[in-house]
Amino acid sequence: MRLALGERRGPFINLIPILDSIFILIFIFMMALMQRAERSEIKLSLPSSDLKTSIVSSNSLTVSLDVNGQIYLEQQKITKQELLRELQVLNLENATLPIIIRGDKRVNLGLVIEVLDLAKKNGFRNVTIETSFQKSL
């Protein structure tokens, strides 16, 4: 005996709207990640060094300096006063936190010294300047 369309037995779940919603959410997530990646990338040309040393760890703090004299703390643009306040707060939480200064090779040396002084005055002793490793022949 054939059942008519209106007389189906059991639950009926239409998967097409659910799949459409999932694909839309995946698309929105991917677009948000791509925009964040474009915004957060700071273009720096690091100075080179013959020594290969690194203190980069998952719990280090990165301060980037670009050619225009802008200061970035973990990819976010800040002023010197904001950097000072952040360092004061971070010193209370963890004074042994490694600080990595990433500066373009054309950045003003005075700005690098100011950032180093801010870190040292706030009690940070594990401060380094990041360079790119260039193997000498």
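Residues numbered from 1 in each chain as written. Predicted model: local features only at pLDDT ≥ 70, side-chain atom pairs only at ≥ 80, totals over all residues. Heavy atoms only, no water.

## Some details on the overall build of the chain
Scanning the chain from terminus to terminus reveals three helices and seven strands. Taken from the N to the C terminus, the helices and strands of the chain come in the order α-β-β-β-β-α-β-α-β-β. When each of the 137 residues of the chain is scored for burial, the buried share is 26%. Taken as a whole, the chain presents about 10700 Å² of accessible surface, with 57% of it coming from carbon and sulfur. (Helix = DSSP H or I, 4+ residues; strand = E, 2+ residues; numbered from the N terminus. Buried < 20%, exposed > 50% of the residue type's maximum accessible area, 1.4 Å probe, protein only. Areas by Shrake-Rupley, 256 points an atom, 1.4 Å probe, with all protein chains shown as cover.)

## Considerations on a nonpolar patch on the surface
On the surface, a cluster of nonpolar side chains totalling about 1000 Å² of accessible area is made up of Ile13, Leu15, Ile18, Leu19, Ile22, Phe23, Ile26, Phe29, Met30 and Leu33. Checked against the element boundaries, isoleucine 18 lands in helix 1 (residues 16-40). When its relative accessible area of 43% is taken as the criterion, isoleucine 18 is described as partly exposed. (Patch = residues over 30% accessible without salt bridge, like charges linked within 9 Å, V, L, I, M, F, W, Y side chains within 5 Å. Salt bridge = Lys/Arg side-chain N within 4 Å of Asp/Glu carboxyl O.)

## A short note on the pairing of strand 2 (residues 61-65)
Burial analysis of strand 2 places five of its five residues in the buried class, which makes it a mostly covered element. Burial of the side chains of strand 2 extends over both faces: Leu61, Val63 and Leu65 are buried on one face and Thr62 and Ser64 on the other. In the sheet, strand 2 pairs with strand 5 (residues 99-103) via five bridges, with the strands oriented parallel. Paired with serine 64 across the two strands is arginine 102, which belongs to strand 5. As paired strands, strand 2 and strand 3 (residues 71-73) are joined by three bridges and run antiparallel to one another. (Pairing = 2+ DSSP bridges.)

## Quick look at the nonpolar core
Judged by nonpolar contacts, the single largest core of 21 residues is most densely connected at Val63, Leu65, Ile71, Leu83, Ile99 and Phe124. Those elements giving two or more residues to this core turn out to be strand 2, strand 3, helix 2 (80-93), strand 5 and helix 3 (109-121). Ranked by the residues each element gives to this core, the list is headed by helix 3, at six residues. Ignoring anything within four residues of it in the chain, the contact list for isoleucine 71 reads Val63, Ser64, Leu65, Gln76, Lys77, Ile78, Lys80, Leu83, Leu111 and Val115. (Core = buried A, V, L, I, M, F, W, Y, C linked by side-chain atoms within 4.5 Å. Contact = heavy atoms within 4.5 Å.)

## Overview of helix 3
In an α-helix, one turn spans 3.6 residues, which is why side chains three or four residues apart end up on the same side. Helix length check: helix 3, at 13 residues, gives a terminal C-alpha distance of 18 Å against a target of 18 Å (1.5 Å per residue), a fit within 8%. Taken together, the buried positions of helix 3 are Leu111, Val112, Val115, Leu116, Leu118 and Ala119. The buried residues of helix 3 all sit within an arc of 160° when viewed along its axis, so they share a single face. The exposed residues of helix 3 that point more than 90 degrees off its buried face are Leu109 and Lys121. Looking at the buried side of helix 3, the elements it contacts are strand 2, strand 3, helix 2, strand 5 and strand 6 (127-130). At the N-terminal end of helix 3, a side-chain oxygen is found 2.9 Å from the backbone nitrogen of glycine 110, two or three residues along, and the residue is asparagine 108. (Expected span 1.5 Å × (residues − 1). Arc of directions from axis to C-beta. Polar contact = N/O pair within 3.5 Å; in protein donor to acceptor, adjacent residues only side chain to side chain.)

## Section: unusual backbone geometry
For glutamate 74, which is not glycine, the phi torsion reads 50° and is therefore positive. Since its relative accessible area comes to 38%, glutamate 74 is described here as partly exposed.

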